[in-house]
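What follows is each chain in one-letter form.
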Amino acid sequence: TQNFDVGFTEPYFLDKDISAGIDLFRTQRDNSDESSFTSERVGFGLRAQYEINESWSQRFRYLLRNEEIEDIDSDASRFIRDQEGGELTSLIGQDLTYDKLNSKLDPTDGYFARLSTDFAGVGGDTQYLRMKLSSAYYIPFGGPWVLSFSGEVGHIINIGEEIRINDRFFLGGDDLRGFETAGVGPRDSNTADALGGLTSAVGTIELAFPLGLPEELGFSGAVFSDIGTLVNSVAEGNIVQDEPTLRIAVGIGLAWRSPFGPVRIDFAIPVVSESFDKEEIVRFNFGTRF
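It should be emphasised that the depicted structure is a prediction, and the values quoted were computed from it without experimental measurement.

### So, the overall build of the protein chain
When you go through the protein chain residue by residue, the secondary structure sums to two helices and 15 strands. The C-alpha radius of gyration computed for the protein chain amounts to 20 Å, which stays within 12% of the reference 19 Å derived for 290 residues, consistent with globular compactness. Each principal axis of the C-alpha atoms in the protein chain carries an extent, and together these give about 55 × 55 × 30 Å. Relative to its 290 residues, the protein chain shows a buried fraction of 40%. If you take every contact in the protein chain between residues at least 6 apart in sequence, the share linking residues at least 24 apart comes to 59%. Put simply, the protein chain shows about 15300 Å² of open surface, and 56% of that area lies on carbon and sulfur atoms.

Now the structure itself:
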């Protein structure tokens, strides 16, 4: 992925307790390993956020982008070849958040829940309604030992033409360790191309613990289990592999609170999977998961 993003934020828009901003972006992504195509997105977004009270906040968004699906492999799935070309998306969305975490960057206590909705169809070429509900709960005990539960469910409702492949949900990688990026979910059995799904669910239970090193070094360990599923492909036919079964992986991780942000390496082994899933043992991650 190559990403260029420049933004401006005014924290007190019109002298009110409202933060407002604008973003300009251009993203190029090589999906050839997962789905035999590359894509380019160019556009801009407007956003505004305000605090309802100490715990509740709401954010509104508008997005206008043009997306090109190109460089499709000659032997790619016909469901992907049919999507070659460009489309314009005009989208409005909102995020309603209830936050009781003790830290946004490295939480160790508290919980949060967020409901996100996006409606594409305010002009443009695409039409759909996408909803996501995400949450996390952190329980500290025994000093630096922290038990956490987190999860996210999402669903897309098609209210127009077929939903573009880059607007669908994909599962694997950072959000379902033990599996490659887009390694889980509907797939063309002839080409092994990931097709994405309309319904996604994923959850994690994790225990973080100290390693016995000086605390100022910022190192910690973790044991975890990820569980998830991705179903409801928009592609139909007997060549589409689309099983609604849960996938489960277990693993261990090493985290470092570096001066540049959280850095982490995970080792995970799938214990429940489908024969057409693509597995991955080692995952390196920079940044937070939620």
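There's more to say after this.
### Comments concerning a nonpolar patch on the surface
A cluster of nonpolar side chains, contributed by Val-223, Val-250, Ile-252, Phe-267, Ile-269, Val-271, Val-272, Ile-281 and Val-282, occupies part of the molecular surface with about 730 Å² of accessible area. Looking at the nonpolar patch, the elements with two or more residues in it are strand S13 (247-258) and strand S14 (261-272). Considering each element in turn, the nonpolar patch owes the most residues, four residues, to S14. Mapped onto the secondary structure, Ile-252 falls in strand S13.

### Some details on the pattern of salt bridges
In this structure the tally under the stated criterion is 20 salt bridges. For the salt bridge of Asp-277 with Arg-247, the shortest nitrogen-to-oxygen distance reads 2.8 Å. Taken together, the positions of Asp-277 in the loop between S14 and strand S15 (282-286) and Arg-247 in strand S13 put the pair 30 residues apart, joining distant regions of the chain. With relative accessibility at 10%, the residue Asp-277 sits in the buried group. By sharing partners, the salt bridges in this structure join Arg-177, Glu-206, Asp-226, Arg-264 and Asp-266 into a single network.

### Thoughts on the environment of Asp-167
Its place among the elements puts Asp-167 in the loop between strand S8 (146-158) and strand S9 (187-188). Taking relative accessible area as the criterion, Asp-167 reaches 2% and is therefore assigned buried. Beyond its immediate sequence surroundings of up to four residues, Asp-167 is in contact with Arg-41, Arg-65, Thr-126, Tyr-128, Arg-130 and Ile-156. Side chain to side chain, Asp-167 and Tyr-128 meet in a polar contact 3.4 Å long.

### Observations concerning a negative patch on the surface
A cluster of acidic side chains, namely Asp-30, Asp-33, Asp-71, Asp-73, Asp-75, Glu-84 and Glu-180, defines a negative patch on the protein surface. Structurally, Asp-75 can be placed in the loop between strand S4 (56-70) and helix H2 (78-81).

### Observations concerning the side chain of Ser-116
Structurally, Ser-116 can be placed in strand S6 (residues 110-124). Filtering out sequence-adjacent residues up to four positions away, Ser-116 remains in contact with Gln-94, Asp-95, Arg-130, Met-131 and Lys-132.

Cut-offs applied
Residues numbered from 1 in each chain as written. Predicted model: local features only at pLDDT ≥ 70, side-chain atom pairs only at ≥ 80, totals over all residues. Heavy atoms only, no water. Helix = DSSP H or I, 4+ residues; strand = E, 2+ residues; numbered from the N terminus. Rg over C-alpha atoms; globule rule 2.2 N^0.38 Å. Buried < 20%, exposed > 50% of the residue type's maximum accessible area, 1.4 Å probe, protein only. Contact = heavy atoms within 4.5 Å. Areas by Shrake-Rupley, 256 points an atom, 1.4 Å probe, with all protein chains shown as cover. Patch = residues over 30% accessible without salt bridge, like charges linked within 9 Å, V, L, I, M, F, W, Y side chains within 5 Å. Salt bridge = Lys/Arg side-chain N within 4 Å of Asp/Glu carboxyl O. Polar contact = N/O pair within 3.5 Å; in protein donor to acceptor, adjacent residues only side chain to side chain. Lys, Arg positive; Asp, Glu negative; His and termini not counted. Charge placed at Lys NZ, Arg CZ, Asp CG, Glu CD.

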